[in-house]
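Structural overview for review
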Amino acid sequence: MAPTIRTEHLSVSYHRTPVLHQISLEAAGGEVLALIGPSGCGKSTFLRALNRLVEETPGARVEGRVYLGNMNIYAPSVDVTQLRRRVGMVFQAPNPFPFSIFDNVAYGPRLHGVTDAGELRRIVERSLQEAALWDEVRGKLRRPALTLSGGQQQRLCIARALAVDPEVLLLDEPTAALDPLSTEKIEELIANLRGRYTIVMVTHNLRQAARISDRTAFFAEGRLVEVGWTRQMFTAPQDPRTEQYLTGRYQP
Amino acid sequence: MRDQQREKVIQSVTWGLGGIFVLLGFGLMAMVLVGAWPTLAEPHALARLLSPTWDPMRDQWGLLPFLLGTAVVTCLALAIVVPLALATGISISRMLPWSLRPQAVRLLAALTAIPSVVFGWWGLETVVPAVRILGGQAGFSLLAAAIVLALMLWPTLGFLFAEALMKVPRSYVEASAALGASDDQTLVRILIPSAWPQLMNAFLVAVARGLGETVAVQMVIGGQVAMPAGLLSPGATLTTQLLTDATLFPPGTRGHAALDAMALALLAAMGLLVRLSARWQGQP
């Protein structure tokens with residue numbers, strides 16, 4: 001059962017400039033939570049706070065708590081590498097390593113100590129199947145990952161994230177750099193992954209949020225304005241700012 | 001109309017200068033080859049050139065002591081400097097606080113500009129006595145030359161290594177971290193493999209500088225033409241011997257031809273390096 005991920009009064013600042021204020025938000029186990037909002041509203045920072053990747057940015061400061069299941073991930077006893085194993089991430093632009101397809105997917109398992117060739121092959125095959133890429137790359141696993149098309153590269157990145165058996169998937173505008181057909185494939189894939197993983201996805205594509213998310217959270221100027229069932233929010237938003245944003249009239 | 005004419009003039013000047021450059025390059029190689037010809041054309045040329053005895057009085061022109069000196073000093077210097085420079089590059093590109101990185105790079109760049117004679121002078125004052133105390137011999141030695149050369153190459157190689165590592169896309173580093181890699185794992189599995197061609201190229205630049213360095217090495221190596229008995233014994237390299245004997249043998253003499261052969265060996269080694277570096281850059 002995929003775990004819940006929940007933030008309590010989460011605030012983030014870069015070099016003392018606050019970018020997120022007191023966000024309390026929860027993604028229930030197995031659901032798809034979409035984060036929408038104008039550029040620079042802090043959605044990506046929020047996502048990066050959920051696997052502590054935000055700490056890699058110079059000058060970043062995090063306050064508040066984030067719970068994965070019952071564990072506060074910012075507690076001093078937490079091992080970041082173990083945490084990131086449980087919380088996988090896919091980035092906006094496909095970023096496969098300049099290695100072969102196989103080595104990209106096997107990268108995570110190898111990091112965590114899998115050396116057996118047979119087991120690695122099984123993990124790679126399973127992950128590529130789960131990411132709906134297997135049929136297109138079987139028999140070509142030794143080819144450089146950078147020879148794949150953009151959409152294939154992004155599915156490869158999803159397979160790479162799945163290969164370490166995460167429980168939560170963070171997707172940062174996963175289709176922003178892709179053509180409509182590739183976008184459709186990724187959306188289909190996310191729909192299939194729903195339930196097995198808790199998915200938090202940032203998107204600028206409102207129709208995408210409407211199509212594939214269970215719930216949607218609307219961020220503006222570093223604050224959480226509104227969160228609710230996607231269908232409800234898109235038909236009857238509570239906050240006037242949400243309505244303005246959904247109808248393309250939002251002025252910060 | 002005038003513009004076209006001007007363009008034509010500029011074009012011919014460019015072509016002319018390019019032509020002079022090519023001519024000079026080939027001319028230099030041809031001159032060295034022609035000059036070395038007397039040593040290359042005689043019977044058993046290779047055996048005589050590779051003999052271990054350099055004794056102009058007895059007409060013995062073996063280059064082996066210098067070939068060996070060059071090889072030993074360069075290899076030893078690289079063995080010392082590569083780990084140091086890699087550590088420098090990694091510290092600057094990964095470990096130093098972000099705000100200090102540009103200053104550190106600038107400092108290294110400034111250090112690369114120190115003339116080699118300063119390194120030689122400093123080596124004469126500190127490295128040679130240190131080797132004398134520790135090794136119990138004269139101090140002027142292949143080891144002292146290698147240490148001075150290594151310290152001379154350190155800023156350049158550290159700078160180039162840091163540049164190569166900083167060029168690796170941040171998205172690779174983030175993807176690796178997001179999969180649960182520690183900083184060390186990201187360094188070994190992502191940064192070094194991704195930067196490998198640039199790192200190799202930096203290494204070849206260091207090899208070329210090491211092979212070609214003359215003054216700093218000459219100041220501490222001892223200038224001995226006999227086969228070196230060990231790292232602590234004095235010796236000579238192709239470049240230092242060329243410097244020493246350049247004024248000794250007038251053109252046309254047998255000795256002059258031997259020096260030309262030394263220059264040819266250096267040219268050949270450099271040519272090989274350039275080829276290698278092109279290969280590492282993925283060019284045919």
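Before reading on, note that the structure itself is shown above.
Presented here is an overview of the structure given in this document.

Rules behind the numbers
Residues numbered from 1 in each chain as written. Chains lettered and ligands numbered in written order. Predicted model: local features only at pLDDT ≥ 70, side-chain atom pairs only at ≥ 80, totals over all residues. Heavy atoms only, no water. Helix = DSSP H or I, 4+ residues; strand = E, 2+ residues; numbered from the N terminus. Rg over C-alpha atoms; globule rule 2.2 N^0.38 Å. Buried < 20%, exposed > 50% of the residue type's maximum accessible area, 1.4 Å probe, protein only. Contact = heavy atoms within 4.5 Å. Buried area = accessible area lost by both parts, 1.4 Å probe. Salt bridge = Lys/Arg side-chain N within 4 Å of Asp/Glu carboxyl O. Polar contact = N/O pair within 3.5 Å; in protein donor to acceptor, adjacent residues only side chain to side chain. Nonpolar A, V, L, I, M, F, W, Y, C, P; charged D, E, K, R; others polar. Pairing = 2+ DSSP bridges.

**Thoughts on the overall build of chain A**
A tally of helices and strands in chain A yields 10 helices and 10 strands. Against the compact-globule benchmark of 18 Å for 252 residues, chain A has a radius of gyration of 18 Å, which places it among compact chains. When the backbone C-alpha atoms are referred to their principal axes, chain A occupies close to 55 × 45 × 35 Å. Expressed as a percentage of the 252 residues in chain A, the buried residues total 54%. Within chain A, contacts between residues at least 6 apart in sequence are counted, and of these 67% link residues at least 24 apart.

**So, the interface of chain A and chain B**
The interface is formed by 23 residues belonging to chain A together with 19 residues belonging to chain B. Between chain A and chain B, the buried area comes to about 1800 Å², and carbon and sulfur atoms account for 63% of it. Its salt-bridge partner being A:Arg48, residue B:Glu174 comes within 2.8 Å of it at the nearest N-O pair. One can count six residue pairs in polar contact (both at pLDDT 80 or more) joining chain A with chain B. Ranked by residue count, the leading element in the side of chain A that touches chain B is helix α3 (residues 101-111) of chain A, at three residues. Here the residues of the side of chain A that touches chain B are counted per class, giving 13 nonpolar, five polar and five charged.

**A short note on the pairing of strand β1 (residues 5-14) of chain A**
All names here are of chain A. Pairing geometry for β1 and strand β4 (residues 60-68), over eight bridges, is antiparallel. Paired with Arg 6 across the bridge in β4 is Tyr 67. Bridging between β1 and strand β2 (residues 17-27) involves seven bridges; their strand directions are antiparallel. In the strand pairing of β2, Val 12 is matched with Leu 20. A loop of two residues connects β1 with β2, the two strands running antiparallel in sequence, and His 15 in this loop sits at a positive phi of about 45°.

By themselves, these figures tell us nothing about what the structure is for.
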